[in-house]
Amino acid sequence: MEAAGRGGARQVQNMKTAGSPAECPVCMTGYDGTVHRPRTLPCGHTVCTLCIEQLKVLGRVACPECRVSHAVPEGGQFPVCFAVEAFIRMMRDAEVAAAAAAAAAAAASPPPSAGEGEGAAAAASPPPSAGEGEGAAAAAGKKEAAGLSKKMRSFLQEQEATVVAAITACREAQSQLDQYQTTLAGWRGRQQQLEDRLLGLVDQSRSARELLQQEESRAAAKEEELKKGEQGLQAALETLRTLTTEQEAAAAMPEVFRCTGEAEQAVEECREGFPDASTVTTARKVNEASSAALEAVQAALETLATEEPRPQADPDSTVMDRLHLIWTGSLTAEDLRSLTQPVRRLLEAGRVFAVHQAEGQRRHARISLEAGQLCLHALKDLPPPRGAATLQVSEVVPPSPPCTVFLDLSWPGSAPRRVQIRLSPDTPRGRQFILLCTGQRGPSYVSTRLYGVVKKGEAGEYVKGGDYESNDGSGSCVLLPGLGEGEYRKSGRAGDVFGLVWPDPTRGECGQFGIYTRDRQDGGGGLVFGEVVDGLHVVAEAAQHRDIKEVTVADCGVVL
């Protein structure tokens, strides 16, 4: 028994060492039930609540273990890791058992001789404090003291673990249903707005809205059922922890089995029954038909009357994952800017694209969410991935300034870095700059070079670029006529973006651009149509690169 006590004590001590799963990997503080409560990130790693709060940046958290970035859930908190909390309780049980075994061994040993008194006293383990052994540990001690057999204790522990797992499943399902109801409420609100604007579609819109309300009620009822199931499971858990005799255990088991079975059935029904594909599909199609045109309504409603097959999903997928499978096809600018959870999932998966068709050619531009900003990248000929959601470029890109565009500059030894330019109110050069950042007329700034630096290292330094025709400064690059017309301000401040002109006026207009990296001292300057609002240091570093012609535009686009 003494050897067993020493072994248990060593095991508990080993579990408390650095790197223990009972400690937060960031602050190395032991988990508790308050500010250091363990929470699980979607990547599977666990961090305490306090550290997660400190890691939040722009609504996202980068995992300190694997560096994967995760969006903060709509409720503001990641789910509690009940498995870690159960593990900590087991550690405490083991510590109490080890201390009890050591105390029993000390009591059974003969008194030490006079020469051994001090050494034996120093080696003896201190008795557990009055505050230890509460909760599950106290229940385990009662079971052992009451004479429950080892087999029965093991069986009760297994049932306790099953109940804890069922509670965790209930809470996860409730969280998913809460997100689902929020999404449904947003769609219902949009249906109400369409109903007000298009009186001719009131009946159809009201029908779709009522379907969504029914689905919300169904989801709310299921959530209430899960809450009641969780309460029953909590009561069953308390019962398991307080059993002291074989007879009590035998009497309690039917109720434990009933609560666990009902909870598991409710969770399974939630996974299988939500979302309702027919309800969501109907509501989405009514929304699209209402927004398109009045003359297309009848055809759209006939399409809605045809029941679509339910998308096939992994049986272990969450409610929101199943909703994501339904949310395919076309988006609207309102959908994109509302950034609902399904749209965020599509953006994070790189499956949102804008479509542009000109002269019989259909091209696509990727839309990304970067540092909280929606960005449309330059159009490409490549088709979007299967299952992508699309909308028209004209829905999100303004036809003329003011707006913000971006250029991603790179050169050997430097990864692409972004330069954001705020274009001034409407000018021909500003309109052309938008077209070349998106590629709507065909050519774009992608793969063009900065081909020159003027007054390098001196006041008035600026770089030259924008030659999408010859890439060496000899192209005229006039996409729109009359670039010199309009109201431009003359300035030479660092960050100003201005239009270049030919030294020889007989050559006509020049559509290239320059960017000042240092202020001019003479008060002069070019015809400014924009200003660098972020990333001027990137342009300044490019100007100092050994060969400016190695600096290329890796990507470009518009900040939506």
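Everything numeric here is computed off the predicted structure, so don't read it as measured data.

Observations concerning the overall build of the protein chain
Right, so step 1: Across its full length, the protein chain holds 16 helices and 19 strands.
Right, so step 2: Relative to its full complement of 560 residues, the protein chain shows a buried share of 43%.
Right, so step 3: Considering only contacts within the protein chain whose residues lie at least 6 apart along the sequence, 66% involve residues at least 24 apart.

Section: the sheet that holds strand 3 (residues 56-57)
Right, so step 1: With respect to topology, three strands assemble into an open sheet ordered 3-4-5, the strand pairing being antiparallel. On the outer flanks of this sheet lie strand 3 and strand 5 (69-71), each paired with one strand and no other.
Right, so step 2: Pairing of strand 3 with strand 4 (residues 60-62), which is carried by two bridges, proceeds in the antiparallel orientation. Note on strand 4: the bridge partner recorded for Val 57 is Arg 60.

Some remarks on the state of the cysteines
Cysteine pairs can be covalently joined through their sulfur atoms, and such a bond is termed a disulfide.
Right, so step 1: Counted by the stated rule, this structure contains zero disulfides.
Right, so step 2: The thiol of Cys 48 is unpaired, and the distance to the nearest cysteine sulfur, on Cys 51, comes to 3.5 Å.
Right, so step 3: Look at Cys 48 and you get buried, because its relative accessible area is 0%.

Remarks on the pairing of strand 14 (residues 462-465)
Right, so step 1: Examined bridge by bridge, strand 13 (residues 452-454) and strand 14 share three bridges and lie antiparallel to one another. Considered in strand 14, the bridge of Gly 452 is made with Lys 464.
Right, so step 2: With four bridges joining them, strand 14 and strand 17 (residues 513-516) adopt antiparallel strand pairing. Within the sheet, the bridge partner assigned to Gly 465 lies in strand 17 and is Phe 513.

A short note on the pattern of salt bridges
Right, so step 1: Inspection of every chain in the model, using the stated rule, returns 21 salt bridges.
Right, so step 2: Note that Asp 381 and Arg 363 form a salt bridge whose closest N and O atoms lie 3.2 Å from each other. Placement of Asp 381 in the loop between strand 9 (373-377) and strand 10 (389-392) and of Arg 363 in strand 8 (residues 361-370) is noted, with a sequence separation of 18 residues between them.
Right, so step 3: Here Asp 426 and Arg 431 are joined by a salt bridge, their closest N and O atoms 2.6 Å apart.

Structural notes on the packing of aromatic side chains
Right, so step 1: Throughout the structure, instances matching the rule amount to seven aromatic pairs.
Right, so step 2: Seen in terms of ring centroids, Phe 433 and Phe 529 are 5.6 Å apart; in terms of plane orientation they differ by 55°. Their pairing is tilted. Pair noted here: Phe 433 is in helix 15 (residues 428-438) and Phe 529 is in strand 18 (residues 526-534), with a separation of 96 residues, a long-range link. Both residues of the pair, Phe 433 and Phe 529, count as buried.

Some words on the side chain of Thr 448
Right, so step 1: The topology assignment puts Thr 448 in the loop between helix 15 and strand 13.
Right, so step 2: Thr 448 sits in the buried class, given a relative accessible area of 5%.
Right, so step 3: When sequence neighbours within four positions are dropped, the list of residues in contact with Thr 448 reads Asp 467, Tyr 468, Asn 471, Val 551, Thr 552 and Val 553.

A look at the pairing of strand 16 (residues 496-499)
Right, so step 1: Burial of strand 16 is two-sided: the residues Asp 496 and Phe 498 facing one way and the residues Val 497 and Gly 499 facing the other way are all buried.
Right, so step 2: Two strands pair when backbone bridges link them, and strand 16 and strand 18 are joined in this way by four bridges, in the antiparallel orientation. In the sheet register, Phe 498 faces strand 18, and the bridge partner there is Val 528.
Right, so step 3: Summarising the sheet, strand 16 and strand 17 pair through three bridges and their orientation is antiparallel. Bridge pairing in strand 17 links Val 497 to Ile 515.

Focus: the confidence of the model for the protein chain
Right, so step 1: Within the protein chain, residue pLDDT values average 80, and 80% of them lie at 70 or more.
Right, so step 2: Predicted confidence is poor over residues 1-18, with pLDDT under 50, and the contacts of this stretch with residues over four places away or in other chains come to 21 contacts.
Right, so step 3: Low confidence marks residues 297-314, where pLDDT is under 50. Its contacts with residues over four positions away, or in another chain, come to 23 contacts.

Quick word on the environment of Arg 258
Right, so step 1: One can find Arg 258 in helix 8 (residues 246-273).
Right, so step 2: By relative accessible area, which is 38% here, Arg 258 ends up partly exposed.
Right, so step 3: Linking Arg 258 and Leu 233, residues 25 residues apart in sequence, is a C-alpha distance of 9.5 Å.

Thresholds, definitions, all that
- Residues numbered from 1 in each chain as written.
- Predicted model: local features only at pLDDT ≥ 70, side-chain atom pairs only at ≥ 80, totals over all residues.
- Heavy atoms only, no water.
- Helix = DSSP H or I, 4+ residues; strand = E, 2+ residues; numbered from the N terminus.
- Buried < 20%, exposed > 50% of the residue type's maximum accessible area, 1.4 Å probe, protein only.
- Contact = heavy atoms within 4.5 Å.
- Pairing = 2+ DSSP bridges.
- Disulfide = S-S within 2.5 Å.
- Salt bridge = Lys/Arg side-chain N within 4 Å of Asp/Glu carboxyl O.
- Phe/Tyr/Trp six-rings, centres within 6.5 Å; stacked < 30°, edge-to-face > 60°.
- pLDDT = per-residue confidence, 0-100.

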